[in-house]
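# What the coordinates show
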Amino acid sequence: MWKEIGDREFGKLRTNLFRNRIKSARISSIQLSNYKDIISPHRGSVNSLQVDLTEGRYLLSSASDASVAVYDVQRATDYDGSGLIAKHKHIFLVEKQHEQGHKYAISTAIWYPIDTGLFITGSYDHYVNVWDTNTTQVVINFKLPGKVYKTAMSPVATSHMLIAAGSEDVQVRLCDISSGAFTHTLSGHRDGVMSVEWSASSEWVLVTGGCDGAIRFWDIRRAGCFRVLDQSHSQLGRRPTLLTRSTANKSSMLKSSSGGPSSSAKGRPSQKKMENGVSIKQSAIARQVRGAGKQRLHPGMLSSQDRATAHYGAVNGLKVTNDGMYLLSAGSDSRLRLWDIESGCNTLVNYETSRLQATKAIQLTISHDSTLAFVPCMSTTKAFDLWSGKTMMDLRGHYENVNCCLYNSLDQELYTSGNDRKILVWSPREVTTELEERDGQGFAIDQDNWSD
């Protein structure tokens, strides 16, 4: 780290590059925090965690005892151990006894993307509730035909306020907060939908993973899904960057142009003439133009591709990278797969052996620079290199299965929780300890040996 600081002082590193390197170094050294503790009030397994997208300050958690709580992760409510350990207790708690509370386990809780004044919960009592944070009262609720597994709102949406809800019903429903009604019903899955995720680059694209092993892409402006991921449709590794591709295209164009006009004339196929003097190529183009008016089927609606599967079991976890170019999926077959969203190909990244939960949805998270993927693996949380699949860290601290993990890019902290009802904080090793060690060594060297 001292080398990066020196390079930044001399102007060898730009500000953004310096910041990203420091963040990457911090996240690669995370450990169980010994100076921050979140006191969980839940009496059941914690199923979801989310930090608000506006300030990165308020942590929202939901649990199987039908309770939901909010914490301030930046301002401690109390200190323990001579002021060294910051205790973060809940700001408020909505329990089952609340007059408008859920009756059964809350499987998912999310913040309204642009304001902490609202949050949304989904429960096994078939309801999706929209809550006013200030009054802890339900503003709108939606009743679904089955247990609600997952809800999601688009972080980049500017023209709609839709909540995507996946349940044990085969249809995905979009709930509109502004009208209080269902606006879309997305049909295509053959079993319940355990995971839903909006695209990070388009407010109209929704990704869903079902118990039938299928991952479907939807454009909510059109009918039907436009892509179904197939695990047998693959490409090796990451696709080249735009700069690399542009360089390759220029070189290929130069090679083709170096052949000269004679070579292009030789390579041009002869076009056969019909009786009326119109070439076969021109007639084919005319047929294509005439057929353009007919409605074309989405690739996901074709019978050969509609039954494609991404996993040999339920898809119980989805996470899109921050740039919106790749999708990480987890399945009950204990497999992790990385997908190229543009081509729909399986990148064939071989993630090291890990055992995943098969009976409920799990929450995955990816670091700010899309290099590490944190995955709940039974009672541990593993950090995988997103592009090689190698296990970089094995975080052990929970006594039972881990259900969810969340990365806070503002503080470079990781929050995990599970069936043991605990919320653990994993934070980088403090830089002050290195400074203290360096100062201590310098003091030991420079001290004078006074005679008695």
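Residues numbered from 1 in each chain as written. Predicted model: local features only at pLDDT ≥ 70, side-chain atom pairs only at ≥ 80, totals over all residues. Heavy atoms only, no water.

### As for the side chain of Gln-363
- Among the secondary structure elements, Gln-363 is positioned in the loop between β24 (345-346) and β25 (365-366).
- By relative accessible area, Gln-363 is classed as buried at 11%. (Helix = DSSP H or I, 4+ residues; strand = E, 2+ residues; numbered from the N terminus. Buried < 20%, exposed > 50% of the residue type's maximum accessible area, 1.4 Å probe, protein only.)

### What to know about the side chain of Asn-346
- Secondary-structure assignment places Asn-346 in strand β24.
- Here Asn-346 falls in the buried class, since its relative accessible area comes to 5%.
- Within the structure, the side chain of Asn-346 is placed 3.5 Å from the backbone oxygen of Gln-231, a separation counted as a polar contact.
- When sequence neighbours within four positions are dropped, the list of residues in contact with Asn-346 reads Gln-231, His-233, Ser-234, Gln-235, Arg-337, Leu-338 and Trp-339. (Polar contact = N/O pair within 3.5 Å; in protein donor to acceptor, adjacent residues only side chain to side chain. Contact = heavy atoms within 4.5 Å.)

### As for the UniProt feature "repeat: WD" (unreviewed entry) in the protein
- Following the UniProt record, one finds the feature "repeat: WD" (unreviewed entry) at residues 39-74, 99-141, 186-228, 308-349 and 395-427.
- For residues 39-74, helix accounts for 0% and strand for 47%, while the C-alpha atoms at its two ends are 14 Å apart.
- When the span residues 395-427 is considered, its composition is 0% helix and 61% strand, and the gap between its end C-alpha atoms is 12 Å. (UniProt positions renumbered as here; feature names shortened; annotations may be inferred.)

### Focus on the pattern of salt bridges
- In total, this model carries eight salt bridges according to the counting rule given.
- Residues Lys-36 and Glu-413 are paired through a salt bridge, measuring 3.1 Å at the closest nitrogen-oxygen approach. Here Glu-413 lies in strand β30 (residues 413-418) and Lys-36 lies in strand β2 (residues 36-38), a separation of 377 residues in the sequence. Note on accessibility: Lys-36 and Glu-413 belong to one class, buried.
- As a salt-bridge pair, Arg-337 and Asp-333 come within 3.7 Å of each other at their nearest N and O atoms.
- The exposure class of Asp-333 is buried, given its relative accessible area of 19%. (Salt bridge = Lys/Arg side-chain N within 4 Å of Asp/Glu carboxyl O.)

### Points about the packing of aromatic side chains
- For the structure shown, the criterion picks out nine aromatic pairs.
- The interplanar angle of 55 degrees and the centroid separation of 5.8 Å between the aromatic rings of Phe-142 and Phe-182 together place this pair among those described as tilted. In this pair, Phe-142 is assigned in strand β12 (residues 137-143) and Phe-182 in strand β16 (residues 181-186), connecting sequence segments 40 residues apart.
- Classification of Phe-142 as buried rests on a relative accessible area of 2%.
- Joined through ring pairs, the aromatic side chains of Phe-92, Trp-111, Phe-119 and Trp-131 make up one cluster.
- Sitting over the face of the ring of Tyr-124, Lys-147 holds its NZ or CZ atom 5.2 Å from the ring centroid. (Phe/Tyr/Trp six-rings, centres within 6.5 Å; stacked < 30°, edge-to-face > 60°. Lys NZ or Arg CZ within 6 Å of the ring centre and 35° of its normal.)

### A word on the layout of surface pockets
- Within this model, the largest pocket holds a volume of roughly 1100 Å³.
- Forming the boundary of the largest pocket are 44 residues, of which Gln-50, Leu-53, Glu-197, Lys-319 and Leu-406 lie nearest the centre.
- Listing elements by their share of the lining of the largest pocket, those giving two or more residues are β3 (46-51), β9 (106-111), β13 (148-153), β17 (193-198), β21 (315-320), β25 and β29 (402-408).
- With five residues, the single largest contributor to the lining of the largest pocket is β21.
- Residue classes in the lining of the largest pocket are distributed as 21 nonpolar, 18 polar and five charged. (1 Å grid on protein atoms, 1.4 Å probe; cavity = no way out; pocket = protein on both sides within 12 Å on 5 of 7 lines; lining within 4 Å. Points joined across faces, edges and corners; volume = space filled by probe spheres on them. Nonpolar A, V, L, I, M, F, W, Y, C, P; charged D, E, K, R; others polar.)

### Quick look at the sheet that holds strand β19 (residues 215-219)
- Pairing within the open sheet is antiparallel, and its four strands lie in the order β17-β18-β19-β20. Edge positions in the open sheet fall to β17 and β20 (225-228), since each of these has one partner strand only. Ignoring which end each strand starts from, the neighbouring axes of this sheet average 25 degrees apart.
- Where β19 and β20 come together, three bridges link them in antiparallel fashion. Across the sheet, Phe-217 pairs through a bridge with Arg-227, a residue of β20. (Pairing = 2+ DSSP bridges. Axes fitted to C-alpha atoms, helices over the stretch in contact; angles between N-to-C directions.)

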